[in-house]
Amino acid sequence: MVKHTDDVGAKMGMWLFLFTEMLFFGGMFLLYAVYRAHYSADFSGASSELNRVIGTFNTVILITSSFTAALSLSEIKKGALRSASVSLGITALLGIIFLIIKYTEWSAKIGHGIYPGSAYFNDLAHGKVLFFSLYFVMTGIHALHVLIGIVVFMVILFMVHSGTVRGNNFIKLENAALYWHFVDIAWIYLFPLLYLLR
Amino acid sequence: MGTDFHTNTEGRKGISSWIFSTDHKRIGLLYLYSILGFFLTGVVIGLLMRLELIAPGKTIVSARTYDSLFTLHGIIMIFFFIIPGVPASLGNFLLPLQIGARDVAFPRINLLSWWLYMIAGITAISTIFLPGGPPDTGWTFYPPYSIRTPTNVSVAAFAAFIIGFSSILTGLNFITTIHRLRAPGMTWMRMPLFTWTLYSTAWVQILATPVIAITLLLLILERAFGTGFFDPSKGGDPLMFEHLFWIYSHPAVYVMILPAMGIISEIVPTFSRKTVFGYRAIVFSGLTIATLGYVVWGHHMFTSGMSDVSNMVFSFITFAVAVPSGIKVFNWIATMYKGSVEVKPPMLYAFAFIFLFSIGGLTGLINSAVATNIHIHGTFFIVAHFHYTMFGGAGFAFFAGLHYWFPKMTGRMYNFRASTVACITLFIGFNVLYFPMFLLGWQGMPRRYYDYPPEFHWNNLISTLGSWILAAGLLIMFTNLARALFKGEKAGNNPWDGTTLEWQTTSPPPHENFAEIPVVTQGPYSRKREGQETGDR
């Protein structure tokens, strides 16, 4: 096998992957835009049923985790493996907290019978059905990305520990951080579209 | 180094030296064999469909089975043969060779993409055996029927979802490889045209495929949970599915045809003993096709209920795509002009390509005019048109490339007489099979129908006869190649006197492609070194 240590190439690959992620989410944003234009009253009604406080809290958590991800990168560049590991751990932990909060939020909705396929759900106005379906699918796919990010950070943490990722070889950490920032930015758009816009 | 890649197994034995190899040449061949396997499966299904249509009424299968047959034929041929066909097999093998690299940028991701391809393929085929049976929606999975049907639409859609990842990974691998691993002196304007088309294709792959991934995922969620996005009874809009589906699936057409055009752009100058005419024009027309191809998807939906303004805009842009395609055809012909044309098998297939693709392209203009489109939409005319572009175009170019690079890949040469006979048989069979479909469609026979009134009998009968001629051609071609694989004469390193870098290494190439990475000092088709009077490239 050819040995490559082409960091620029690796980063280019990651950026290209993030383009594909953008278009992947783009399909859902397109549906959101079209259905919001069709059913604007239903959408604002349904949106007011979401909990803004929880949404805001989760936003803060995710932005903070992006900060700690960036911090771990600058620490590892300095060779400070220990503080880089701590930042990585905090990033993964904040991701887990985000998911736990998301879980409680989903359970509350499902507890009220608001989920695709329930009898109550199918009796809702068409616009509300579409809004909540979009809510579940968009936050669900986003949460899946968060989950993948957490696993990636755990693996990187292990790699820092074992010496694979270190002061002069941090491209894996850098790419993981790029991915995490994308996950963050996706949420930055999801949050106002689902929770704030009325 | 030194030993060719067939003998250098990187320390692995038997089958695992192939299915776990990260050598781009081995992966290219893995892809080639798997893709041909799916192609032959698709061919058999196609032959069964034609046999059913040989006479009005029921002939060999029930109407329901027929629905499944055309769906499987579409899914297999589109997702598992023609989209990955050229880039993943020939592209994988040749891209690093053509730019003077030792491998692609991400060899392990390359292997992963083949594994995803196989997992997707097995998932798609498994629908035949699962309770509920194979999908019967057509490969386009249009709702609302695809939401209601009890067949395994979700499994098939999931297979297409997985193969999307495979396609994306190949695309981002190729782009990074071309940006990062070109040999010293290989500037952008010295890249071979096949590499250029792989580059344009790779961008289409990564920018369009995610859209179908999310679309199919939403369809699966729709079926599983009733989310309502595409279900009119819940306020959703099936037209949104069509938009999202074609935002990918039209650019995908260019994933099929662009690398095919790249193959022809390699073969024509080689066998005309001339530098290519209008190198820059071919490069930029390829990029233009990739860009315009993005914004024409609506021409699949002229009868679906879009606004007249949308119809007109999509129609206009579709006409515009004909311009760069025409530039390419013009350049190939101009390359042959006053060249010393040698009609060896790859060139013969290239001739067939240019002829068939021109018919496909010109009938495309008939489809893209809104008024005529409304008359022929959903008829056999469309079937004929896209088989002329996809099979007559991309398929024949794939065969041309296969014959052109066969000696490079295997180190052996096939029998010229047999491949000439095969090519002519294929060409005749192809036209007898598909040309009557233009007439049928114009007369109003709808596609995807199991039965037809007696006045359509003659053309259907001729078409079915053509399918048998075509099958005979395929049989001759593959037998000839398979025989050459084991018993062919040694081909030598550069049997066609090609000028691009892949011909400067041994056949088959050594494990890491080149003993020494070449330094590039001139354009890809320059014959200066032989003292001929030609331009810079």
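Along each chain, residue indices are assigned from 1 in the same order as the chain's sequence is written. Each chain gets a letter, beginning with A, and each ligand a number, beginning with 1, in the order they are written. Predicted model: local features are reported for residues with pLDDT of at least 70 only, side-chain atom pairs are reported and counted for 80 or more only, and whole-chain, interface and lining totals are derived from all residues. Computation of side-chain values covers all heavy atoms of the structure but excludes hydrogens and water.

1. Side note on the overall build of chain B
Here comes step 1: A run of H or I in DSSP counts as a helix once it spans at least four residues, and a run of E counts as a strand once it spans at least two, with each numbered from the N terminus. When helices and strands are tallied, chain B shows 15 helices and two strands.
Here comes step 2: A compact globule built from 537 residues should have a C-alpha radius of gyration of about 24 Å, and chain B, at 23 Å, falls within 12% of that.
Here comes step 3: Here the C-alpha coordinates of chain B stretch approximately 70 × 50 × 45 Å along the principal axes.
Here comes step 4: Accessibility here uses a 1.4 Å probe with only protein chains present; expressed as a share of the type maximum, an area under 20% marks a residue as buried, one over 50% as exposed, and anything in between as partly exposed. Out of the 537 residues belonging to chain B, those deemed buried represent 64%.
Here comes step 5: For this analysis, residues touch if any pair of their heavy atoms sits within 4.5 Å. Counting contacts in chain B only where the partners sit at least 6 residues apart, residues at least 24 apart contribute 80% of the total.
Here comes step 6: We get accessible surface area from the Shrake-Rupley algorithm with a probe of 1.4 Å; when it comes to residues, only the shown protein chains can shield them. As displayed, chain B offers around 18,600 Å² of accessible surface, 69% of which is attributable to carbon and sulfur atoms. When we talk radius of gyration, it's over C-alpha atoms, and the globule rule is simply 2.2 Å times the number of residues to the 0.38.

2. So, the overall build of chain A
Here comes step 1: Counting its regular elements, chain A contains seven helices and zero strands.
Here comes step 2: In sequence order, the secondary structure elements of chain A are arranged as α-α-α-α-α-α-α.
Here comes step 3: For chain A, the spread of C-alpha atoms along the three principal axes comes to 60 × 30 × 25 Å.
Here comes step 4: Looking at chain A as a whole, 48% of its 198 residues are labelled buried.
Here comes step 5: Taking as baseline every contact in chain A between residues at least 6 positions apart, the subset at least 24 positions apart corresponds to 83%.
Here comes step 6: A total of about 8,900 Å² of accessible surface is found on chain A, and carbon and sulfur atoms cover 72% of it.

3. Things to note about unusual backbone geometry
Residues and elements named next belong to chain B.
Here comes step 1: Cis geometry marks the peptide bond from Pro-143 to Pro-144, where omega comes out at 5°.
Here comes step 2: Not every positive phi belongs to a glycine, and Phe-141 is a case in point at roughly 55°.
Here comes step 3: In this structure, Phe-141 sits in the loop between α4 (107-126) and α5 (145-148).
Here comes step 4: Take Phe-141: its relative accessible area is 0%, and that puts it in the buried class.

4. Overview of the side chain of Thr201(B)
Here comes step 1: If you trace the backbone, Thr201(B) turns up in helix α7 (residues 193-225).
Here comes step 2: If we ignore the near neighbours within four places in the chain, the residues touching Thr201(B) are Pro87(B), Tyr254(B), Val255(B), Leu258(B) and Pro259(B).

5. Topic: the packing of α4(B) against helix α6 (residues 153-180) of chain B
Residues and elements named next belong to chain B.
Here comes step 1: Where α4 meets α6, the closest approach of the two axes is 8 Å, and the angle between their N-to-C directions is 165°. By the angle between their directions, the pair α4 and α6 is classed as roughly antiparallel. Once α4 is placed against α6, the crossing between them reads as left-handed. Across the interface between the two elements, Ile-109, Asn-110, Leu-112, Ser-113, Leu-116, Tyr-117, Ile-119, Ala-120, Thr-123, Ala-124 and Ser-126 from α4 touch Val-155, Ala-159, Ile-162, Ile-163, Phe-165, Ser-166, Leu-169, Thr-170 and Asn-173 from α6.
Here comes step 2: Residue composition of the contact of α4 with α6, grouped by class: 13 nonpolar, seven polar and no charged. In this analysis, axes come from line fits to C-alpha atoms, helices being fitted only over the stretch in contact, and the angle between any two N-to-C directions falls in the range 0 to 180 degrees. Orientation labels follow simple angle bins: below 35 degrees gives roughly parallel, above 145 gives roughly antiparallel, 65 to 115 gives roughly perpendicular, and whatever is left gives oblique. Should the near helix be turned anticlockwise from the far one by less than a right angle, the crossing is left-handed, and should it be turned clockwise, the crossing is right-handed. By the convention adopted, Pro, Cys, Tyr, Trp, Phe, Met, Ile, Leu, Val and Ala count as nonpolar, Lys, Arg, Asp and Glu as charged, and the other residues, Gly among them, as polar.

6. Description of the interface of chain B and chain A
Accessible area lost upon the coming together of the parts serves often as the stated size of an interface.
Here comes step 1: In this assembly, 44 residues from chain B lie in contact with 33 residues from chain A.
Here comes step 2: Between chain B and chain A, the buried area comes to about 3,000 Å², and carbon and sulfur atoms account for 76% of it.
Here comes step 3: Here a salt bridge means any side-chain nitrogen of Lys or Arg lying within 4 Å of a carboxyl oxygen belonging to Asp or Glu. If you look at where chain B meets chain A, you find one salt bridge.
Here comes step 4: Here Asp6(A) and Arg180(B) are joined by a salt bridge, their closest N and O atoms 2.9 Å apart.
Here comes step 5: As used in this structure description, the phrase polar contact means that two N or O atoms lie within 3.5 Å; if the pair is within protein, one of them must be able to donate a hydrogen and the other to accept it, and residues adjacent in sequence are counted only when both atoms belong to side chains. Our count for the chain B to chain A interface comes out at seven residue pairs in polar contact (both at pLDDT 80 or more). Values labelled buried area give the accessible surface lost by two parts on being combined, using a 1.4 Å probe and summing over both.

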